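# Examining the three-dimensional arrangement
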Amino acid sequence: STCLLRPGASAAINGFSLSGGAQRSDMRTNIHHMAQGTISRQEQRNMVGGRSTASFRGRIRVEQSAQQTDSEQLSRTILLSDHARIWATPSLEIIADDVTCTHGATVSDLSEEELFYLRSRGLDRTTARNLLMYAFVEEIGSSVDERIAGGFDDENGLRSRVVRRLENLVPQGEKTLVGGEFQSV
C-alpha cells in the first residue's frame, strides 16, 4: 500500500509474479493519492505456467484534494500453458475531476510470430521461448537495484534465481492439439 500525502509526491511500483505447477499466487496493491499534483506509475508482470492460478487486484484511489494527479496502472500476463489461469483486476476510484489516470490488463501466451522469427534465425524452440520469457521479465528486473538483482554470474542474485526458475517453467516441444486441448508434445 502506498499513500502520496505531499503535493508533487511520486511513486513507481513494479512487481513480478512467477508461478508454476499447482501454485497459487495473489498480488494486491493499493495506491492512494491524497495531495495535489501527485504521480504514480505501476506495472505488474505475471508469468503463469502448469496448472497454477494467479490473481492481481490493483486499486488506485484519487481523493478530491488530489487534483492534477497523473496515475498509470498496467498488468501484463503471459500464460505458459492452457491450464494456467489469471484473474487481473486493475481498478480506479476517482473523486477528483482534474486528473489523468489510466489502467489496463493484458493476457496472452508467447507470441507465435516472435517464436517463428527467432526460430527462422536458427534458434531452437526452447531457446526461443527462454529468450522471450527472459525479455518479458527483464523489463521489470532492470528497475531492481543492482545490489539485489546481482550480475548474471552471481548465482545467489535475484536475476540468477529468476532465470533458474524460468528454465523450470519452459514448456518442452511443439504445441499441438491433443484431445481437444493445446499441449506441448
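Above: the structure in question.
## Focus on the overall build of the protein
Tallying secondary structure elements over the protein gives four helices and 10 strands in all. Reading the protein from its N terminus to its C terminus gives the helix and strand order β-β-β-β-β-β-β-β-α-α-α-α-β-β. Per-residue burial over the protein gives 39% buried out of 185 residues. Counting contacts in the protein only where the partners sit at least 6 residues apart, residues at least 24 apart contribute 75% of the total. Accessible area of the protein: about 10300 Å², with a carbon and sulfur share of 51%.

## Description of the sheet that holds strand S3 (residues 24–33)
Strand order in the open sheet made by the four strands is S1-S3-S5-S7, with parallel pairing throughout. At either margin of the open sheet sits one strand with a lone partner, and together these are strand S1 (2–4) and strand S7 (85–94). Each strand axis lies, on average, 10 degrees off the axis of its neighbour in the sheet, ignoring direction. Alignment of strand S5 (residues 53–62) against S7, held across 10 bridges, turns out to be parallel. Opposite Gly58, over in S7, you have Pro90 as the bridge partner.

## Quick look at the nonpolar core
Within the largest apolar cluster, 14 residues are counted, with the highest numbers of intra-cluster contacts made by Met47, Leu80, Leu110, Met133 and Leu166. When contributions to this core are tallied by element, the ones reaching two or more residues are helix H1 (112–120), helix H2 (125–141) and helix H4 (158–169). For this core, the leading source of residues is H2, giving five residues. Sequence-distant contacts of Leu110, that is, excluding residues within four places in its chain, are made with Ile78, Leu79, Leu80, Leu115, Arg129, Leu132 and Met133. If you look at the next biggest cluster of nonpolar residues, it comprises nine residues, including Leu4, Ala9, Ile60 and Val62.

## A closer look at H2
End to end, H2 covers 24 Å across 17 residues, agreeing with the expected 24 Å (1.5 Å per residue, within 8%). Of all the positions in H2, only Arg125, Ala128, Arg129, Asn130, Leu132, Met133, Phe136, Val137, Ile140 and Gly141 are classed as buried. For H2, the capping residue at the N-terminal end is Asp124, with a side-chain oxygen 3.1 Å from the backbone nitrogen of Thr126.

## Here we look at the sheet that holds strand S2 (residues 10–19)
Spatial ordering of the open sheet is given by S2-S4-S6-S8, a layout of four strands whose pairing is parallel. Only two strands of the sheet have a single neighbouring strand rather than two, namely S2 and strand S8 (100–108). Each neighbouring strand pair of the sheet contributes to a mean axis angle of 5 degrees, computed without reference to strand direction. The sheet contact formed by S2 and strand S4 (residues 39–48) spans 10 bridges and is parallel. When the sheet's bridge partners are listed, Phe16 is paired in S4 with Arg45. Along the sheet, H2 contacts S2, S4 and strand S6 (70–79); its crossing angle with S4, the most-contacted strand, is approximately 155 degrees.

Rules and cut-offs
- Residues numbered from 1 in each chain as written.
- Predicted model: local features only at pLDDT ≥ 70, side-chain atom pairs only at ≥ 80, totals over all residues.
- Heavy atoms only, no water.
- Helix = DSSP H or I, 4+ residues; strand = E, 2+ residues; numbered from the N terminus.
- Buried < 20%, exposed > 50% of the residue type's maximum accessible area, 1.4 Å probe, protein only.
- Contact = heavy atoms within 4.5 Å.
- Areas by Shrake-Rupley, 256 points an atom, 1.4 Å probe, with all protein chains shown as cover.
- Pairing = 2+ DSSP bridges.
- Axes fitted to C-alpha atoms, helices over the stretch in contact; angles between N-to-C directions.
- Core = buried A, V, L, I, M, F, W, Y, C linked by side-chain atoms within 4.5 Å.
- Expected span 1.5 Å × (residues − 1).
- Polar contact = N/O pair within 3.5 Å; in protein donor to acceptor, adjacent residues only side chain to side chain.

These figures capture arrangement, not role.
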